[in-house]
Amino acid sequence: IDSSNVKYWGVDLTEANKESYVDMSKYDFAIIRCNFGEKTSDAKYKDKKVEHWVSECNKHGKPFGLYCYDYAYDADGAKLEAVYALELAEQYKPTLGIWFDMEDADAWKKKNGLLTKEHCLEMCKTFCKYVKEKGWYTGVYSSTWWFDNWLTDLGDYDKWVAQWDANDGNYNSDTSNRGTIHQYTSIDKATGIGLDKNAMYVDFDHYKSKIVEKPQNETENVQKDESNESGVKKLNVLISTLINLLKKLLSIFGKSGD
């Protein structure tokens, strides 16, 4: 299939990927799982290799995004997942967005009676809404079937589409009319090992987060406002002191200070 509209080739990575099997110098970008579920006191739901894969991307100068695998029971849980993902994003500084992985690979949703269109759509919207409000680029990862049948009302949120077709390691289909990233296989053709590979249809700047500039600008503005307010207060105190001093001087000479 014609791949001329693919701008970059990348991978998505988790603790399941063996470090020796993935050479980030061969790829343009990565999307890394940062958490699955919300934060707990023992950090149980943080991906064990997120720091390693972030380090590998930084070492080779490759941009990366982060994603959260969903294990939320309800909207409150999805929001907590988003809070945790943002906490990790603040630490690792992704430039390709924060994504929400909506699937049921281990049948957890089915076992807990949560595998319904209404539930899954609500989790996606809750997560993405919170992340977007905090200034980050966001979108949803899922398969073409899920997008066509269950996640049909996501609004403007981007889509990272999983469509493997023959799943032979080759790029066999174009999903650019659906979203900006296409997970086209779970096999590395050269080695035969399991490795999720992705095609990106847009430039990296497409995912630029407002959060990169916003906090700095907001901090500068706050500092300026606080500085101006402090200056006015100091001036008022100085004027008041001078007036009181003048009144005392005038009273010494028997004149009114009014």
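Report on the accompanying structure. (Residues numbered from 1 in each chain as written. Predicted model: local features only at pLDDT ≥ 70, side-chain atom pairs only at ≥ 80, totals over all residues. Heavy atoms only, no water.)

Inspection of the secondary structure puts glutamate 122 in helix α4 (residues 117-133). Residue classification places glutamate 122 among the partly exposed residues on the basis of a relative accessible area of 41%. Once the C-alpha coordinates of glutamate 122 and alanine 78 are considered, the two residues, 44 residues apart in sequence, prove to be 8.8 Å apart. (Helix = DSSP H or I, 4+ residues; strand = E, 2+ residues; numbered from the N terminus. Buried < 20%, exposed > 50% of the residue type's maximum accessible area, 1.4 Å probe, protein only.)

With that settled, the discussion passes to helix α2 (residues 75-92). Its 18 residues place the ends of α2 25 Å apart at the C-alpha level, agreeing with the 26 Å of an ideal helix rising 1.5 Å per residue. For α2, the complete set of buried residues consists of Gly77, Ala78, Glu81, Ala82, Tyr84, Ala85, Leu86, Leu88, Ala89 and Tyr92. Taking the backbone nitrogen of aspartate 76 as reference, a side-chain oxygen 3.2 Å away marks aspartate 74 as the first, capping residue of α2. The first or second residue beyond α2 is lysine 93, which carries a positive phi of 60°. (Expected span 1.5 Å × (residues − 1). Polar contact = N/O pair within 3.5 Å; in protein donor to acceptor, adjacent residues only side chain to side chain.)

Right, let's talk about the pattern of salt bridges for a bit. By the definition in use, this model includes 12 salt bridges. Between aspartate 47 and arginine 33 there is a salt bridge, with the nearest N and O atoms lying 2.7 Å from each other. Taken together, the residues span a long stretch of sequence, with aspartate 47 in the loop between β2 (29-36) and α1 (50-60) and arginine 33 in strand β2 at a distance of 14 residues. The exposure class assigned to aspartate 47 is buried, which follows from its relative accessible area of 2%. Across the pair lysine 46 and glutamate 51 runs a salt bridge whose closest N-O atoms are separated by 3.1 Å. (Salt bridge = Lys/Arg side-chain N within 4 Å of Asp/Glu carboxyl O.)

Right, let's get into the packing of α2 against α4. Direction vectors running N to C along α2 and α4 enclose 40°, while the axes themselves pass 8 Å from each other. The angle between α2 and α4 falls in the class oblique. Handedness of the crossing formed by α2 with α4: right-handed. Residues Ala75, Ala78, Lys79, Glu81, Ala82, Val83, Ala85 and Leu86 of α2 form the contact with α4, whose own contacting residues are Glu122, Met123, Thr126, Phe127, Tyr130 and Val131. Per-class residue counts for the contact of α2 with α4 are 10 nonpolar, one polar and three charged. (Axes fitted to C-alpha atoms, helices over the stretch in contact; angles between N-to-C directions. Parallel < 35°, antiparallel > 145°, perpendicular 65-115°, else oblique. Left-handed = near helix turned anticlockwise from the far one by under 90°. Contact = heavy atoms within 4.5 Å. Nonpolar A, V, L, I, M, F, W, Y, C, P; charged D, E, K, R; others polar.)

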